[in-house]
Amino acid sequence: MAEVLVLVDHVDGEVKKVTTELLTAARRIGEPAAVWVGGGAESGKAKLAEFGAEKVYTAAAELNDFVVAPKAELLAKLAGEKSAAAVLVSATPENKEIAGRTAVKLGSGVLTDVVDITGDLVAEHSVFGGATITHARVRSGVPVVAVRPNSVPAEPAPGAAELEEAEVELSEAATGAKVVERVVQEKGARPELTEAAIVVSGGRGVGSDDFSVVEALADSLGAAVGASRAAVDSGWYPNQFQVGQTGKTVSPNLYVALGISGAIQHRAGMQTSKNIVAVNKDPEAPIFELADFGVVGDLHTVAPQLTEEIDKRK
Amino acid sequence: MNIVVLVKQVPDTATERKLSSDDNTLDRAASDGVINELDEYAIEEALLLKEKHGGEVTVLTMGPDQATDSIRKALSMGADKAVHLVDDALHGSDALQTAYALSKALGTVEFDLVVLGSESTDARTGVVGAALAEYLGLPQLTLAGKVDVDGSAIRIQRATDYGYDVVEAQLPAVVSVIEKINEPRYPSFKLIMQAKKKPVEKLSTADAGIDTAQVGVADAGTETTDFAPAPPRAAGTVVKDEGDGGAKAAEFLAEKKFV
Ligand SMILES: Cc1cc2nc3c(=O)[nH]c(=O)nc-3n(C[C@H](O)[C@H](O)[C@H](O)COP(=O)(O)OP(=O)(O)OC[C@H]3O[C@@H](n4cnc5c(N)ncnc54)[C@H](O)[C@@H]3O)c2cc1C
Ligand SMILES: Nc1ncnc2c1ncn2[C@@H]1O[C@H](COP(=O)(O)O)[C@@H](O)[C@H]1O
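Residues numbered from 1 in each chain as written. Chains lettered and ligands numbered in written order. Predicted model: local features only at pLDDT ≥ 70, side-chain atom pairs only at ≥ 80, totals over all residues. Heavy atoms only, no water.

As annotated in an unreviewed UniProt entry, chain B is Electron transfer flavoprotein subunit beta from Streptomonospora halophila. Quoted straight from UniProt, the Function (unreviewed entry) entry for chain B says "The electron transfer flavoprotein serves as a specific electron acceptor for other dehydrogenases. It transfers the electrons to the main respiratory chain via ETF-ubiquinone oxidoreductase (ETF dehydrogenase)." Here chain B is described in UniProt, under the heading Sequence similarities (unreviewed entry), as follows: "Belongs to the ETF beta-subunit/FixA family." (UniProt positions renumbered as here; feature names shortened; annotations may be inferred.)

In the annotation of an unreviewed UniProt entry, the entry for chain A reads Electron transfer flavoprotein subunit alpha/FixB family protein, and the organism field reads Streptomonospora halophila. Per UniProt, chain A has the following entry under Cofactor (unreviewed entry): "FAD". Quoted verbatim from the Function (unreviewed entry) field of UniProt, the annotation for chain A is "The electron transfer flavoprotein serves as a specific electron acceptor for other dehydrogenases. It transfers the electrons to the main respiratory chain via ETF-ubiquinone oxidoreductase (ETF dehydrogenase)."

J.: I'd love a proper account of the overall build of chain B, names of residues and values included.
T.: Assigned secondary structure in chain B consists of 7 helices and 13 strands. Per-residue burial over chain B gives 53% buried out of 259 residues. Here the analysis covers contacts within chain B between residues at least 6 apart in sequence; of these, 73% occur between residues at least 24 apart. Carbon and sulfur atoms make up 50% of the accessible area of chain B, which totals about 11,100 Å². Charged side chains in chain B number 26 positive and 42 negative. The centres of these two groups are separated by 6 Å. (Helix = DSSP H or I, 4+ residues; strand = E, 2+ residues; numbered from the N terminus. Buried < 20%, exposed > 50% of the residue type's maximum accessible area, 1.4 Å probe, protein only. Contact = heavy atoms within 4.5 Å. Areas by Shrake-Rupley, 256 points an atom, 1.4 Å probe, with all protein chains shown as cover. Lys, Arg positive; Asp, Glu negative; His and termini not counted. Charge placed at Lys NZ, Arg CZ, Asp CG, Glu CD.)

J.: Let's hear about unusual backbone geometry: which residues, and what values?
T.: With omega at -5°, the peptide bond leading from leucine 171 of chain B into proline 172 of chain B counts as cis. Along the chain, the position of proline 172 of chain B falls in the loop between β9 (163-170) and β10 (173-177). Positive phi, close to 50°, is recorded for aspartate 12 of chain A, a residue that is not glycine. Summarising the element assignment, aspartate 12 of chain A is placed in the loop between β2 (10-11) and β3 (14-15). Residue asparagine 150 of chain A is not a glycine yet carries a positive backbone phi of 65°.

Shown next, in the form of structure tokens:
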């Protein structure tokens, strides 16, 4: 069976959930082989084995010192050497860029923001803010596919996860954009936005930089916190929590929108959520068109009551 | 410093967007064309850099004849001239083919910097900037929330999952911008009038040296095989808060087993 390369997303040796989803999808196509860049592969190995990775190709942390290009060189080299059937990455902004460059190197096609994929590599997309479903395939070279987090449910299946070092000689073109500093803006104890099973977001309706009503509800649900652009632009919540077209795309089991009108750019980032609950004082707010359950009312009274009810039921 | 800004015309997100059943590509006649929102931020950034460092700003657009609307808009914001890559052979090109074609068209212009949007509202692939850097063999400075140029050195803040990376490179380079970077200006009446006289050069695939076997829907590396309207979401329940809105929402969540 041909290998399917899966680029691992990890933070300090801890494998992200999306990688287990990708390994699950890879098993439909062929034999999953994880690609690990940087340290920590030893500690992440068990998780990869649990979801069926037969191999784990490891590459030096140095690849992270330059923007995107080195990882594309690594993936293209491995895809060639191993005659891979496909290359899968998660559909984060950076990984989509890696996918694009890898596909150029391989002379193949790239599909991004895929919400499902079959064993014969037919990919499903949700486009135009969720209004249309399309199917697409790659018809030249090794398909490179970026799959959205929370799209394919992860299912365990044992694999050997045998570590193997991958050598890559970086070209000069790959080292042109050097990362000289990494700035981490506050990162709380909450689950990460794109990975979370539940997301609670606040918009302009929150009214101030006091996001505690949103955070309290999120914490009662074990959810991540998101924000609309209006809230981010007002300086109420940090940039990396923005959900939408130019923010993160999330696809949780439950999305709760507090004081968010539901502009097309916001919907583009949350439309594929499985359940949507909205609280808004305007009965005409477009977010209600999407909501499975909506409450017309003031979020400052509805959300705390909801939080209290949830805590009671625990 | 000479800057080329890549501007794409996209269907207005406020109107209904459709795919054409002939070849499953975007039906550009079905909705009004507007400039891709993020490209206005790219134009603004190019103009700010020009104001600081001098030089010329050239708009480069690949698209059908109607795309001249977006070119005029870009010129009326203050860009100096435009190149319009237009050829039937380009119809239905996917993101990588677009990047290839744009890289060829860039070969006809002198530049120190290419600035583009990080994503378009229609394709939403977000790969053009990266693929373009790959084709051109130039440093990739994408997802920039801040750009500083000092002589031949350029430094950006690249948006990441956790905050941002500071990235440095030497010009020439490819920069893509996120909307946090600036606030695009409105064209003044004077600039709108001037824009009508600014030069727009039309470029065919032959002029740009584009291999037509590598562009267009027939040769795309990807193929949309079918499309259909998304199944409508089952109509939801909307209740008015009468002091029990939160409790009712909790009931819904309990039914769905979230609590
Ligand atoms: C290039 C571009 C990219 C963009 N990208 C994004 C993006 O990624 N993400 C994004 O979110 N937006 C994005 N936008 C902006 C988008 O168009 C909207 O402006 C934005 O989503 C609005 O945020 P909002 O819903 O919080 O604010 P508003 O539209 O102002 O809505 C606030 C809502 O809160 C309700 N409300 C007010 N007070 C209360 C209260 N006490 N209780 C309950 N409800 C209340 C109001 O009825 C209203 O519906 C983008 C725009 C552009 C041009
Ligand atoms: N046909 C085109 N002509 C000019 N620029 C384009 C074209 N297609 C994409 N771009 C640029 O690439 C950016 C990203 O587009 P995309 O990768 O398609 O989401 C856009 O914001 C534009 O700046």
